[in-house]
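Summary of the model geometry
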Amino acid sequence: MSKYKGFFAYPASPREIGDVVEAATNSVVWQGINVRFSTWRALDIAGHFIAEEVTNSLESAEFVVADLTQLNFNVTYEIGFAIGRSKRVILVKNASIAEAGVRIKDVGIFDTLGYEVYQNSKELRARIDKLNKLRPIDVAHLLNQKAPVYLVEPTHKTDWAGRIVSRIKKTGYIYRSYDPNESPRLSAYEAIAQVSQSYGVVVPLLGDVSVDADIHNMRAAFIAGLAHGMEKAVCIIQNCDAPVPIDYRDFVKVTYQLNDVNEVIADFASNVAKAFQSEEPQKKRSALSFLKKLNLGATSAENEMRDLANYYLETEQYLQSLRGEAHLVVGRKGSGKSAIFLQIRDREREIDRSKNIIVDLKPDGFKLVKFKEQILSFLQEGTYQHTITAFWEYVLLLEICYKILEKDRQRHIRDHTLFEGYRELNELYNVEGYDVEGDFAERMSGLMEKVYTEYQSKYGTKDGVRLSSAQVTELLHKHDVRKLQSVLIRYMENKGILWLLFDNIDKGWPTTGLQHNDLLIIRALIDATRKIEREFGKKSLTIHTIVFLRNDVYELLVKETSDRGKEAAVVLDWTDPDLLRELVRLRIVANGLEENTDFRSAWLRMFTSHYKGEETSQYLIDRCLMRPRFLLSLINQCRSFAVNLNHDRIEESDIKKGLTAYSSDLVRDIGYELVDVSGVSDDTLYAFIGSKPIVTREDIEQLLKDYEVRDELIKPVFDLLLWYGFLGIEFEDCTRKYIYDFNYKMPLMNGIIKKNGQQLRYSINEAFWPALLIEE
């Protein structure tokens, strides 16, 4: 009788898992054909590279079974490798053994792939026997030549992580990334699609002392396995020794100093270049269904910057920003701030490449925290505002100069109107003691370190030092700032429009939540941009400055500062479901449909028409909190299940599974946002597990108390739950309205609450029900 070859991947510990697996795989018959399983226990390991023996067995197997009971690096890597090699992978989990270490729900990936549960060897054999197809997950995607590199970012942007990003930028390759600060969990579909599109993949591994190292490294193992399975150029880079299992240590580049990263990424860049040179003709995908070929773009604008223009929805807020009518662009996370940032940057660059100067800055939030801890803690509050504003003005002028020197490096030689000014700027900028290497985050970090060192050498570590304006200026400035500004203004008289775009300042704050000093940093940045705008404007130069802020941070800024309402702000509040439909329609149509295809026709190419008796687009929009990113994330979650199960359209069963995965992500997303502004625990929403969908104010307060939320935080948390759309108001006719139904006007909601008092009933947004086990 002929035989199938299978491979069973399982962790070495606890031994009980291996015993059950070995017993179950002794005599498996599938569709009348014997299956001969290999496991790591049966491999000829002695005298051979362990990883090579395992991957060879995976290569020769016709399908792979993997046990997820207790996740470890090896098994996760092997799952990724098998999927990358287009093997049919069946995932199983032993229900009789408790999860230990990393939990599946924290990592993501596997809950979107799905897995079977068993308790003993008989049940495990039955799960394998019921397999009806050997068709693998489709991993074919068109290569992304515009952004050929994919990076798995850690949660915390340390100097080491920043150096990796900086060196990738230096290679000249545009990169896409997975950032857990933007999406708390990584879906299998997203991981497969991103790796498949890549020429090269960078996978940093964190040491055991790093926060969330176990979760990050598990995702990294899966991505590394995928990339090796798809034969991509792969750079697995580790900071100091540990934590890689000895089986895979030969794959990993270990760094001990920041400069070691430079050499590792340089080697990687060469491998990516070779991948371009050896590229085979891309496989035609005409045999795939429309759903499988469909590309809706990324949920994060940074990952779709080269394609965004193909389907960007030009809202009035975008046009206002483009006309220079706003100094602030304010919106909730996922509302489209970064998309406006990127669209303005790219559009203005293309309009007049030789004349316009676009300074686009995205600092790492933790750099600003370091600035606060290193410098502001030694100053009295009276000197804060002057010190920070002076620092920002200095940084921004240096970055304008850096951008000009970079942009006109060749042009000034051919243009006599620029020649002398360029040479003067170059001489002013390149002073001794100022490091011009690296990206903006690294240049800013180096500047802060020098300021801090200078401060300590002059004033030691005394608290409450009073510095005069002259002392602050001397401390901060390594350049002749007034002369630098004067020369910049003269130089810009021969150029076009100057755009100064600043994003990410409110990203990566400490887990204690925003504090008064944090808001002073933001206020000072805004003041510095306005000051530069005024100085340049005196010479009739056209300069537009925009700072991009999260809405909740902006609300706190307005409350905390005395000159509220002073800045012109464009607010990205989405209230119209039809506008969200148009956003989705443009993305679907960009996949080869006629431009005038209406929404319903485009939507039905993807989705079944109804779910639980409701029209599907409205059902999903009702659960996206009126944020574009959340809607796209929900659609992609549903689509990933449909694609993995080889459905030609997204069916009701796919929507149900997609909602559950999306809901879990949403709970964590909103939890992180609560932490940023309030300092409460990021798991506060879990206080509502198993709650009734409709609750009173008394119910809410009791649930929070039972979850050990401090008494003085209960009222602020209640207000935030309304503000984020977790809680809404149920009216007498049983209609439910959330913050976006009130045009994001909290005073209006508060007025209704005061008028109705304790008898008012509150609804928990249905988007959170699956994750919190809430039922109607």
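Residues numbered from 1 in each chain as written. Predicted model: local features only at pLDDT ≥ 70, side-chain atom pairs only at ≥ 80, totals over all residues. Heavy atoms only, no water.

**A short note on helix α7 (residues 159-170)**
Between its first and last C-alpha, α7 extends 16 Å over 12 residues, near the 16 Å set by a 1.5 Å rise per residue. Every buried residue of α7 is accounted for by W160, A161, G162, R163, I164, V165, S166 and I168. Within two residues after α7, G172 carries a phi angle of roughly 90°, on the positive side. (Helix = DSSP H or I, 4+ residues; strand = E, 2+ residues; numbered from the N terminus. Expected span 1.5 Å × (residues − 1). Buried < 20%, exposed > 50% of the residue type's maximum accessible area, 1.4 Å probe, protein only.)

**Describing helix α26 (residues 628-644)**
Three or four residues apart is the spacing at which side chains of an α-helix point the same way, because the helix has 3.6 residues per turn. With 17 residues, α26 ought to run about 24 Å at 1.5 Å a step, and its terminal C-alpha atoms sit 24 Å apart, in line with that. Of all the 17 residues making up α26, 17 are buried; the element is thus mostly covered by neighbouring parts of the structure. Directly after α26, the chain includes N646, whose backbone phi takes a positive value near 60°.

**Observations concerning the sheet that holds strand β18 (residues 569-572)**
Strands sit in the order β15-β16-β17-β14-β18 across an open sheet of 5 strands; the sheet is parallel. Two strands close off the open sheet at either side, each with one partner strand: β15 (357-361) and β18. Taken over all neighbouring pairs, the strand axes of this sheet differ in orientation by 15° on average, direction set aside. Where β15 and strand β16 (residues 498-502) come together, 5 bridges link them in parallel fashion. Paired with L361 across the bridge in β16 is F502. (Pairing = 2+ DSSP bridges. Axes fitted to C-alpha atoms, helices over the stretch in contact; angles between N-to-C directions.)

**Brief notes about the pairing of strand β12 (residues 233-239)**
Within β12, 5 of the 7 residues are buried, leaving the element largely enclosed by the surrounding structure. Here strand β11 (residues 200-205) pairs with β12 via 6 bridges, running parallel. For V203, the partnering residue across the bridge sits in β12 and is I236. Tracing the backbone out of β11, into helix α9 (residues 213-229) and back to the parallel element β12 gives a crossover that is right-handed. (Right-handed = clockwise from strand over helix to strand, strands pointing away.)

**With respect to the confidence of the model for the protein chain**
When pLDDT is averaged across the protein chain, the result is 83; 86% of the residues are at 70 or more. When the criterion is pLDDT under 50, residues 44-49 qualifies, and its contacts beyond four places in sequence or with other chains add up to 6 contacts. (pLDDT = per-residue confidence, 0-100. Contact = heavy atoms within 4.5 Å.)

**Brief notes about the packing of helix α8 (residues 188-196) against α9**
Following both chains from N to C, one finds α8 and α9 inclined at 40°, their axes separated by 10 Å at the closest point. With respect to their mutual orientation, α8 and α9 come out oblique. Considering only the axes of α8 and α9, their crossing is right-handed. For the pair α8 and α9, contact is made by A191, I192 and V195 and by F222, I223, L226 and A227, respectively. Taken together, the residues that form the contact of α8 with α9 break down as 7 nonpolar, no polar and no charged. (Parallel < 35°, antiparallel > 145°, perpendicular 65-115°, else oblique. Left-handed = near helix turned anticlockwise from the far one by under 90°. Nonpolar A, V, L, I, M, F, W, Y, C, P; charged D, E, K, R; others polar.)

**Some details on the packing of aromatic side chains**
The final tally for this structure, using the stated rule, is 18 aromatic pairs. Consider the rings of Y312 and Y318, whose centres lie 5.2 Å apart with planes at 75°: the pair is edge-to-face. Considering the side-chain rings of F341 and F548, the 5.5 Å spacing of their centres and the 75° angle between planes classify their relative orientation as edge-to-face. A residue pair is termed long-range when its members are at least 10 positions apart, and F341 in helix α13 (residues 337-351) and F548 in strand β17 (residues 543-550) qualify at 207 residues. For the pair formed by F341 and F548, the shared burial category is buried. Put simply, the rings of Y77, F81 and F251 pair up and form one aromatic cluster. (Phe/Tyr/Trp six-rings, centres within 6.5 Å; stacked < 30°, edge-to-face > 60°.)

**Considerations on the pairing of strand β8 (residues 149-152)**
With burial as the criterion, each face of β8 is covered, one bearing V149 and L151 and the other bearing Y150 and V152. Pairing geometry for β8 and strand β9 (residues 175-178), over 4 bridges, is parallel. Paired with V152 across the strands is Y178, a residue of β9. Handedness of the crossover joining β8 and β9 through α7 is recorded here as right-handed. Alignment of β8 against β11, held across 3 bridges, turns out to be parallel. Residue pairing across strands places Y150 opposite V201, the latter belonging to β11.

**Focus on the sheet that holds β12**
Strand order across the open sheet formed by 5 strands is β9-β8-β11-β12-β13, with parallel pairing between neighbours. Of all the strands in the sheet, the pair left with one neighbour each is β9 and β13 (252-255). Mean inter-strand twist for the sheet, computed between neighbouring axes without regard to direction, equals 25°. Sheet topology note: the β12/β13 ladder contains 4 bridges and is parallel. Bridge pairing in β13 places I236 opposite V252.

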